[in-house]
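Structural characterization, general
So the chains spell out like this:
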Amino acid sequence: MTVTSRISGFHKLNLQQRRDRVAELVGLEGEELEALCGRESLPLEIANLMIENAIGTFSLPLGLGLNMRVNGRDYLVPMAVEEPSVIAAVSFASKLVREAGGFFGESTDPIVTAQVQVTDYGDPNLAQQRLFAARDEIRALADTFHPSLVARGGGAREVEVRLLPAPEGPSGEPILVVHVHIDTRDAMGANLVNTVAEGVAPLIESISGGRVFLRILSNLTDRRLARSTCRIPFHLLDDGEWRGSDIAKGIHQASRFAEADPYRAATHNKGVMNGIDAIAIATGQDWRAIEAGAHAYAARSGRYGPLTTWRLEDGHLVGRIEVPMAVGTVGGPIKVHPGVQAALKLMRIESARELGVVIASVGLAQNLAAVRALGSIGIQRGHMALHARSVALTAGARGDWVEKIAAMLVESGQVKVEKARELLASLKASDGAAA
Ligand code: NAD
C-alpha cells in the first residue's frame, strides 16, 4: 500500500477529522485506531505489569509529523511531545526537503557493545595478552546465551581488549576492559547484551586471573549509527522575505558556530533531539539511551560538537546527520504497549535499521527548521504564535477562547500570562454583558 505523508490542510482539520483521515490513509480501525489516537493508549493493567509501584499512566500529546520522505518512501511520523512548534517545524522542514527529493539515509549493522571490566589482574600486559588470545573462546561462549538471536543472523561479532590509563595517574591499576560487540538485529539489545556481559564474566575472570565487578552494555553505540542527508537547491529556501541563498548562508553560519562552540552545540543538538525524542517516545524506544548515546557521540573528538552539519555545495544547502541509534522494533515495551504497536503500524516500519534512519531524518529536519529560523527571521515569531496557545490555556482559557486569546496575544506583541488573564477577564465581562 502506498501512503503519502503529504496531507495538505491537515492542521486545519479538527481532531476528529484528523483521526478519520489517518484511519482512512493507513487502514487503522477499531482498537488499533483507539490505541493510537485514543484518550488512553496504555491500559492500566498493562502499565501495572510494565513498572514497579504503578499508580496510573502519564499522557503526552501525540501528533503527526508530515511530509517526511526518506529513501523515496513516505512516512507519517508519530511524535509524542509537550512542546508547541516541534511538529509544525519538522513538517515544514520535511516539506522543503521533500521538494528537493527527500532525505537519503542508511544505517550500520545494529552492533551494541558489552563491557566487562577486569580488576586485580596482576601484570596488565600479560592479562591483556591472555584475553586477546582467548577472543574466539569468549565470542563462542557469548553466542551460547542467545541461540535465537544467532538463528536470526545476529550474535557476537568481535571481541576487543582495551587497557586504559588509571584515572588516578600512573600509581593506579590501569583499567582493563573486554568489549564484546554484538549484532542485536531488531532489538535495542540492552537486555540481550547485559545477559552476555554477565555470562562471559566468569570465563574472563579465569583467563585473566582477575576479578570482574562491572558487566553491562555501553550506551555509546558508535558501531550502531544512523545517517541521513538532504540537498536543497537555494531557490527552494526563498521565503518571499529572504533570498534562498541568504537563508542558506545563515544556516551554514549556524553550523560553523555549533562546530566551534560547545555552548552553541548543546542548543543545536537540543533542537535535533526535539525531533528524535518525540518519535522515539511514540515508538516505545528507550529515549534516555538514545540521548546518552547522542551526546557521548557528539563529544567523541574530545570537544562537544553538533550532531548535524550544513554546507554550501554547488548552489545547494547540504545537511548531514550521523547519530548512534539503538532502537528496536521488538523487545522492551514495544510488543506490550498497544499505542506503540499502532505507531509502528502507522509508519509501516519493517526493521529497526529502517526506523533508525527515519528517526535520524526527523532529527535533521527538526534541526533544519530551527537553524533556518535562527539564521534568518529568528525563532520567536513562529514560536510565539504557537506558544500563545499554552499561555492562553495557562491563564484559564478553554474552548474557542483559546485560539481567540492566542491570536489577541500575538497581535498585542505580549505573549504573557498576565496579558492573557486580562484579555480573558474582558472577554468574560463582555460575554456576561451580552447574555
Ligand atoms: P528484550 O530483553 O525484550 O530482548 C529482545 C527479545 O526479542 C529477545 O528475546 C529476542 O530473542 C527477541 N526477538 C524477536 N525477534 C527479534 C529480532 N528480529 N531481532 C532481535 N531480537 C528478536 O529487549 P532488549 O532489546 O534486549 O532490551 C531493551 C530494554 O532494555 C529496554 O526496555 C531498555 O529500556 C532496557 N535497558 C536499557 C539499559 C541501558 O540502556 N543502559 C539497561 C538495562 C535495560
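Coordinates for the structure precede this section.
Across its full length, the chain holds 16 helices and 10 strands. By its C-alpha atoms, the chain is 85 × 55 × 45 Å across when sized along the principal axes. Looking at the chain residue by residue over its 435 residues, the buried ones come to 47%. Excluding contacts between residues fewer than 6 apart, the proportion of contacts in the chain whose partners are at least 24 apart in sequence is 73%. Just so you have it, the chain exposes about 21000 Å², and 53% of that area is on carbon and sulfur atoms. Positive and negative side-chain charges in the chain, numbering 46 and 49 respectively, have mean positions lying 5 Å apart.

Here the focus is the site of the ligand. Neighbouring the ligand are 21 residues, the closest being Gly 189, Asn 191, Leu 192, Asn 219 and Asp 286. Asp 186 is positioned with one of its backbone polar atoms (N or O) 3.0 Å from a nitrogen atom of the ligand. Within the backbone of Gly 332, an N or O atom sits 3.2 Å from an oxygen atom of the ligand. In the complex, 70% of the free accessible area of the ligand, which totals 870 Å², lies under the protein chains. Contributions of two or more residues to the shell around the ligand are made by α7 (147-151) and α8 (190-208). Among the elements that line the shell around the ligand, the one with the most residues is α8, at 4 residues. For the shell around the ligand, the residue count by class is 9 nonpolar, 8 polar and 4 charged.

Here we take up the sheet that holds strand β10 (residues 316-324). Reading across from one edge, β3-β8-β10-β9 is the order of the 4 strands in this open sheet, with antiparallel pairing throughout. Whereas interior strands pair on both sides, the edge strands pair on one side only; in this sheet they are β3 (104-107) and β9 (308-313). Adjacent strand axes in the sheet meet at a mean angle of 15° when their direction is disregarded. Pairing of strand β8 (residues 225-233) with β10 involves 9 bridges; the strand directions are antiparallel. By the bridge assignment for β10, Thr 229 is matched with Arg 320.

Residues Met 50, Ile 51 and Val 336 make up a contiguous nonpolar surface patch of roughly 240 Å² in combined accessible area. Tracing the backbone through its elements, the reader meets Val 336 in the loop between β10 and α12 (338-347).

This brings us to the packing of aromatic side chains. Both the distance between ring centres and the angle between the ring planes are used here to describe each pair of aromatic rings. Within this structure, the stated rule accounts for 0 aromatic pairs. When the ring centre of Phe 132 is taken as origin, the NZ or CZ atom of Arg 135, which lies over that ring, is 3.8 Å away.

On to the sheet that holds strand β4 (residues 111-119). Spatially, the 4 strands line up as an open sheet ordered β5-β6-β4-β7, and their pairing is antiparallel. Looking at which strands have only one partner, the edges of the open sheet turn out to be β5 (155-164) and β7 (211-217). Adjacent strand axes in the sheet meet at a mean angle of 20°, parallel and antiparallel pairs treated alike. Pairing geometry for β4 and strand β6 (residues 175-183), over 8 bridges, is antiparallel. Residue pairing in the sheet places Thr 113 in a bridge with His 181 of β6. Strands β4, β5 and β6 of the sheet are contacted by helix α5 (residues 124-133), whose axis makes an angle of about 170° with β5. Strand contacts of α8: β4, β6 and β7, with the helix running at about 160° to β7, the strand carrying the most contacts.

This part takes up helix α10 (residues 262-282). Across its 21 residues, α10 extends 29 Å between first and last C-alpha, which sits within 8% of the 30 Å expected from 1.5 Å per residue. Its axis deflected by about 30° at Met 273, α10 carries its strongest bend there. Of all 21 residues in α10, 15 are buried; the element is thus mostly enclosed. For α10, the N-terminal capping position is held by Asp 261, with its side-chain oxygen 3.0 Å away from the main-chain nitrogen of Tyr 263.

This brings us to the pattern of salt bridges. What the rule picks out here adds up to 23 salt bridges. The shortest N-O distance in the salt bridge between Arg 69 and Asp 74 comes to 2.7 Å. Here Arg 185 and Asp 183 are joined by a salt bridge, their closest N and O atoms 2.9 Å apart. Among the residues examined, Asp 183 registers a relative accessible area of 1% and is labelled buried. A network of salt bridges, in which partner residues are shared, links Arg 69, Asp 74 and Arg 98.

We now examine the side chain of Thr 184. The topology assignment puts Thr 184 in the loop between β6 and α8. At 3.2 Å, the side chain of Thr 184 forms a polar contact with the side chain of Arg 224. If sequence neighbours within four positions are ignored, Thr 184 has contacts with Pro 110, Val 112, Leu 149, Gly 189, Leu 192, Val 193 and Arg 224.

As a further point, take unusual backbone geometry. Working note: non-glycine residues mostly have negative phi, and peptide bonds are mostly trans. For Asn 71, which is not a glycine, the phi torsion comes out positive at approximately 50°. Assignment of secondary structure puts Asn 71 in the loop between β1 (62-70) and β2 (73-80).

Moving on, we get to the pairing of β10. As paired elements, β9 and β10 share 6 bridges and run antiparallel to each other. Looking at β10, one finds that Thr 308 is bridged to Ile 321. Count of turn residues in the β9/β10 antiparallel hairpin: 2 residues, of which Asp 314 carries a positive phi of about 50°.

A few words on the packing of helix α6 (residues 135-144) against α8. Axis separation between α6 and α8 bottoms out at 9 Å; the angle between their running directions is 150°. By the angle class used here, α6 and α8 are roughly antiparallel. Taken as a pair, α6 and α8 cross one another with a handedness that is right-handed. Side by side, α6 and α8 meet where Glu 137, Ile 138, Leu 141 and Ala 142 of the first sit next to Val 196, Gly 199, Val 200, Leu 203, Ile 204 and Ile 207 of the second.

Cut-offs and rules
Residues numbered from 1 in each chain as written. Predicted model: local features only at pLDDT ≥ 70, side-chain atom pairs only at ≥ 80, totals over all residues. Heavy atoms only, no water. Helix = DSSP H or I, 4+ residues; strand = E, 2+ residues; numbered from the N terminus. Buried < 20%, exposed > 50% of the residue type's maximum accessible area, 1.4 Å probe, protein only. Contact = heavy atoms within 4.5 Å. Areas by Shrake-Rupley, 256 points an atom, 1.4 Å probe, with all protein chains shown as cover. Lys, Arg positive; Asp, Glu negative; His and termini not counted. Charge placed at Lys NZ, Arg CZ, Asp CG, Glu CD. Near = heavy atom within 4 Å. Polar contact = N/O pair within 3.5 Å; in protein donor to acceptor, adjacent residues only side chain to side chain. Nonpolar A, V, L, I, M, F, W, Y, C, P; charged D, E, K, R; others polar. Pairing = 2+ DSSP bridges. Axes fitted to C-alpha atoms, helices over the stretch in contact; angles between N-to-C directions. Patch = residues over 30% accessible without salt bridge, like charges linked within 9 Å, V, L, I, M, F, W, Y side chains within 5 Å. Salt bridge = Lys/Arg side-chain N within 4 Å of Asp/Glu carboxyl O. Phe/Tyr/Trp six-rings, centres within 6.5 Å; stacked < 30°, edge-to-face > 60°. Lys NZ or Arg CZ within 6 Å of the ring centre and 35° of its normal. Expected span 1.5 Å × (residues − 1). Bend = angle between axes of the 7 residues up to and from the residue. Parallel < 35°, antiparallel > 145°, perpendicular 65-115°, else oblique. Left-handed = near helix turned anticlockwise from the far one by under 90°.

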